[in-house]
Amino acid sequence: MKVLANDGLSQSGITALEKAGFEVITTKVAQEQVANYINTNNIDVILVRSATKVRQDIIDNCPSIKIIGRGGVGMDNIDVAYAREKGIHVINTPASSSESVAELVFAHLFSGVRFLHDSNRNMPLDGDSQFNNLKKAYADGIELRGKTIGIIGFGRIGREVARMALGLGMKVIASDKYVDEATIKVDFYNGQFINVDIETEPMEDILKHSDFITLHVPAQDDYIIGKTQFDIMKDGVGIVNCARGGVIDEVALIDALEENKVRFAGLDVFEEEPTPAIQVLMNPKISMTPHIGAATLEAQDRIGTELAEQIISLLKNN
């Protein structure tokens, strides 16, 4: 049986699949050529991340496909319900990248509160001639400890953010229309741990009371955060989006940054990927990464291994 890992697969995943007798192909096929490649090579399994889309046209035109796999959490690039109606298994790895995404949230938070994203732009340019001026410009940072972080979307990644925030000594509040409460276990290096119960609150309360806001929601038809929501927030709030592009109105975000309503933003995802708006890219108050939330070696190993185990279970053990 053949597996096309069109957006790549970790060596641990490749090894596990090959050991089970699968042929793994990691050739990157252009979106418009995917269906033809699958049919020409009689592919049984297609694995994607966020780049390749598996829509109804591919599902209809590729009868050899038995499994569609998504390395990661969100499956908005796959027509999941339609595939399952056609008898195709659709799998993902919802737990494998939670820690990686949550750590990136805090990378953006630390960058924002201490101006790392901007100082790293300006120090190479002016550090030798304007050192004291830059020192003064970046002297009014703030600490995360003791501040309130509002988490919008309290699934696996949101809860991992909560765990890290609690470890930093932050107050955690959360909103999720599908989750009423959750127990967050905070583990320490020596085997000790604490459990913290968090009850979710209405989103308006999160907007009003948070010093920092982070979003962990799937793709939406409309914005979750726009001008109305920015107006409700505290002055000087920080906001991070490592979830999906399009859940924040970037025009409203730029306005809020220019008006100092928002102190800084951290963005790993953008409305116009893979060509983010120039107004976003050039804004000195935005810390940016190119959609790398799950892109750690550890997460990719976990994703590859978990996908391999599911594929073997579905196609070899039945």
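Each value, and the rule that gives it
Residues numbered from 1 in each chain as written. Predicted model: local features only at pLDDT ≥ 70, side-chain atom pairs only at ≥ 80, totals over all residues. Heavy atoms only, no water. Salt bridge = Lys/Arg side-chain N within 4 Å of Asp/Glu carboxyl O. Helix = DSSP H or I, 4+ residues; strand = E, 2+ residues; numbered from the N terminus. Buried < 20%, exposed > 50% of the residue type's maximum accessible area, 1.4 Å probe, protein only. Contact = heavy atoms within 4.5 Å. Pairing = 2+ DSSP bridges. Axes fitted to C-alpha atoms, helices over the stretch in contact; angles between N-to-C directions. Phe/Tyr/Trp six-rings, centres within 6.5 Å; stacked < 30°, edge-to-face > 60°. Lys NZ or Arg CZ within 6 Å of the ring centre and 35° of its normal. Arc of directions from axis to C-beta.

### Observations regarding the pattern of salt bridges
Logical step 1: This structure, assessed with the given rule, holds twelve salt bridges.
Logical step 2: Across the pair Glu99 and Arg302 runs a salt bridge whose closest N-O atoms are separated by 3.6 Å. Residue Glu99 is found in helix α5 (residues 98–113), and its partner Arg302 is found in helix α13 (residues 297–315); the two are separated by 203 residues along the sequence.
Logical step 3: Judged by relative accessible area, which is 30%, Glu99 ranks as partly exposed.

### With respect to the side chain of Asn283
Logical step 1: Its place among the elements puts Asn283 in the loop between α12 (278–281) and β13 (286–288).
Logical step 2: When its relative accessible area of 9% is taken as the criterion, Asn283 is described as buried.
Logical step 3: Once residues within four sequence positions are removed from consideration, Asn283 is found in contact with Arg121, Ile254, Leu257 and Met288.

### Observations concerning the sheet that holds strand β12 (residues 262–267)
Logical step 1: The parallel open sheet is built from six strands, whose spatial order is β7-β6-β10-β11-β12-β13. Two strands bound the open sheet, and with one partner strand each, they are β7 (171–175) and β13. For this sheet, the mean angle separating the axes of adjacent strands, direction not counted, is 15°.
Logical step 2: Where helix α11 (residues 250–258) meets the sheet, its contacts fall on β11 (237–241), β12 and β13, and the angle it forms with β12 comes to roughly 140°.

### Comments concerning the packing of aromatic side chains
Logical step 1: Scanning the entire structure with this criterion turns up two aromatic pairs.
Logical step 2: When the centroid spacing of 6.2 Å and the interplanar angle of 45° are considered together, the rings of Phe212 and Phe264 count as tilted. Taken as a pair, Phe212 in strand β10 (residues 212–215) and Phe264 in strand β12 lie far apart in primary sequence, 52 residues in all. Like Phe212, the residue Phe264 is buried in the burial classification.
Logical step 3: When the ring centre of Phe193 is taken as origin, the NZ or CZ atom of Lys185, which lies over that ring, is 4.5 Å away.

### Some remarks on helix α2 (residues 34–41)
Owing to its 3.6 residues per turn, the α-helix aligns residues three or four sequence positions apart on the same side.
Logical step 1: Within α2, burial applies to Val34, Ala35 and Ile38. For α2, the arc enclosing every buried residue in end-on projection is 100°, short of the 170-degree limit, so these residues lie on one face.
Logical step 2: Buried-residue contacts for α2 involve β1 (2–5), β3 (45–48) and α3 (56–61).
Logical step 3: Phi turns positive, to about 55°, at Asn42, one or two residues after α2.

### Describing the sheet that holds strand β4 (residues 67–70)
Think of a sheet as strands paired side by side through backbone hydrogen bonds, with each pair either parallel or antiparallel.
Logical step 1: If you trace the five strands from one edge of the open sheet to the other, you get β2-β1-β3-β4-β5, paired in parallel fashion. Only two strands of the sheet have a single neighbouring strand rather than two, namely β2 (23–25) and β5 (89–92). Across the sheet, the mean angle separating the axes of adjacent strands is 20° when strand polarity is ignored.
Logical step 2: Looking at chain direction, β4 and β5 are connected through four bridges and run parallel. Within β5, the position partnered with Gly69 by the bridge is Ile91.
Logical step 3: Seen against the sheet, α13 touches β3, β4 and β5 and runs at an angle of roughly 155° to β5.

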